[in-house]
Amino acid sequence: MDAHPGEFVYAKAGRDKGKCFIVLSIDGEYLYLCDGKARKVSTPKKKKVKHVELTGTSDEFIRNKLSAIGKLTNKEVRYSLSKYLGELTNTVS
């Protein structure tokens, strides 16, 4: 499975282990990730693909905005992540 911009991923290694991020861009074997809080859009986290768990799920709004404009705001990222994580907890319960 390949990563795509706008996809939700979980960090498997490092100090961010277990945290959910959104893929902003891909550069070879590296992904640039943000969460809108600790890792802002302006300074994304660079992580190798092997150090993240791909979910295969992405936010359509984020995907479309990244492909059309190429820029996101931290607020949009936080909203998308909270919506995704909220849906996950509702389906697990």
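These lines cover the structure that appears in this document, whether it is placed above or below. (Residues numbered from 1 in each chain as written. Predicted model: local features only at pLDDT ≥ 70, side-chain atom pairs only at ≥ 80, totals over all residues. Heavy atoms only, no water.)

1. A word on the sheet that holds strand E2 (residues 20-27)
Stage number 1. The strand order across the open sheet formed by 5 strands is E4-E3-E2-E1-E5, and the pairing between neighbours is antiparallel. Two strands close off the open sheet at either side, each with one partner strand: strand E4 (45-48) and strand E5 (52-58). Averaged over neighbouring strand pairs, the angle between their axes works out to 45° when direction is ignored. (Pairing = 2+ DSSP bridges. Helix = DSSP H or I, 4+ residues; strand = E, 2+ residues; numbered from the N terminus. Axes fitted to C-alpha atoms, helices over the stretch in contact; angles between N-to-C directions.)

2. A closer look at the pattern of salt bridges
Stage number 1. Under the defined criterion, the tally for this structure stands at 4 salt bridges.
Stage number 2. Between Asp-16 and Arg-39 there is a salt bridge whose closest N-O contact spans 3.7 Å. In this pair, Asp-16 sits in the loop between strand E1 (7-11) and E2 while Arg-39 sits in the loop between strand E3 (30-34) and E4, placing the two residues 23 residues apart along the sequence.
Stage number 3. Under the relative-accessibility criterion, Asp-16 is labelled buried at 5%.
Stage number 4. Given the relative accessible area of 21%, Arg-39 is considered partly exposed. (Salt bridge = Lys/Arg side-chain N within 4 Å of Asp/Glu carboxyl O. Buried < 20%, exposed > 50% of the residue type's maximum accessible area, 1.4 Å probe, protein only.)

3. Topic: the environment of Leu-66
Stage number 1. Its location among the elements puts Leu-66 in helix H1 (residues 60-68).
Stage number 2. Sequence-wise, Leu-66 and Pro-5 are 61 residues apart; in three dimensions their C-alpha atoms are separated by 7.2 Å.
Stage number 3. Those residues within four positions of Leu-66 in sequence are excluded, and the remaining contacts are Pro-5, Gly-6, Val-23, Leu-24 and Leu-72. (Contact = heavy atoms within 4.5 Å.)

4. Some thoughts on the nonpolar core
Stage number 1. Core analysis: the biggest nonpolar cluster contains 12 residues, these being Phe-8, Tyr-10, Cys-20, Ile-22, Leu-24, Cys-34, Ile-62, Leu-66, Leu-72, Val-77, Leu-81 and Tyr-84.
Stage number 2. Those elements that provide at least two residues to this core are E1, E2, H1 and helix H2 (74-92).
Stage number 3. Membership of the second largest hydrophobic core comes to 9 residues, among which are Ala-3, Ala-11, Phe-21 and Leu-54. (Core = buried A, V, L, I, M, F, W, Y, C linked by side-chain atoms within 4.5 Å.)

5. With respect to the side chain of Asp-59
Stage number 1. Positionally, Asp-59 belongs in the loop between E5 and H1.
Stage number 2. Separated by 2.8 Å, the side chain of Asp-59 and the backbone nitrogen of Phe-61 make a polar contact.
Stage number 3. Discounting residues that sit within four places of it in the chain, Asp-59 has contacts with Gly-6, Phe-8, Ser-80 and Lys-83. (Polar contact = N/O pair within 3.5 Å; in protein donor to acceptor, adjacent residues only side chain to side chain.)

6. Thoughts on the packing of aromatic side chains
Stage number 1. Scanning all chains against the criterion turns up 1 aromatic pair.
Stage number 2. A centroid spacing of 4.0 Å and a plane angle of 5° characterise the contact between Phe-8 and Tyr-84, whose relative ring orientation is stacked. You can see Phe-8 sitting in strand E1 and its partner Tyr-84 sitting in helix H2, a full 76 residues away along the chain. Just as Phe-8 is buried, Tyr-84 falls in that class too.
Stage number 3. Lying across the ring of Tyr-30, Lys-46 places its NZ or CZ 4.4 Å from the centre. (Phe/Tyr/Trp six-rings, centres within 6.5 Å; stacked < 30°, edge-to-face > 60°. Lys NZ or Arg CZ within 6 Å of the ring centre and 35° of its normal.)

Any link to function would need more than the numbers given here.
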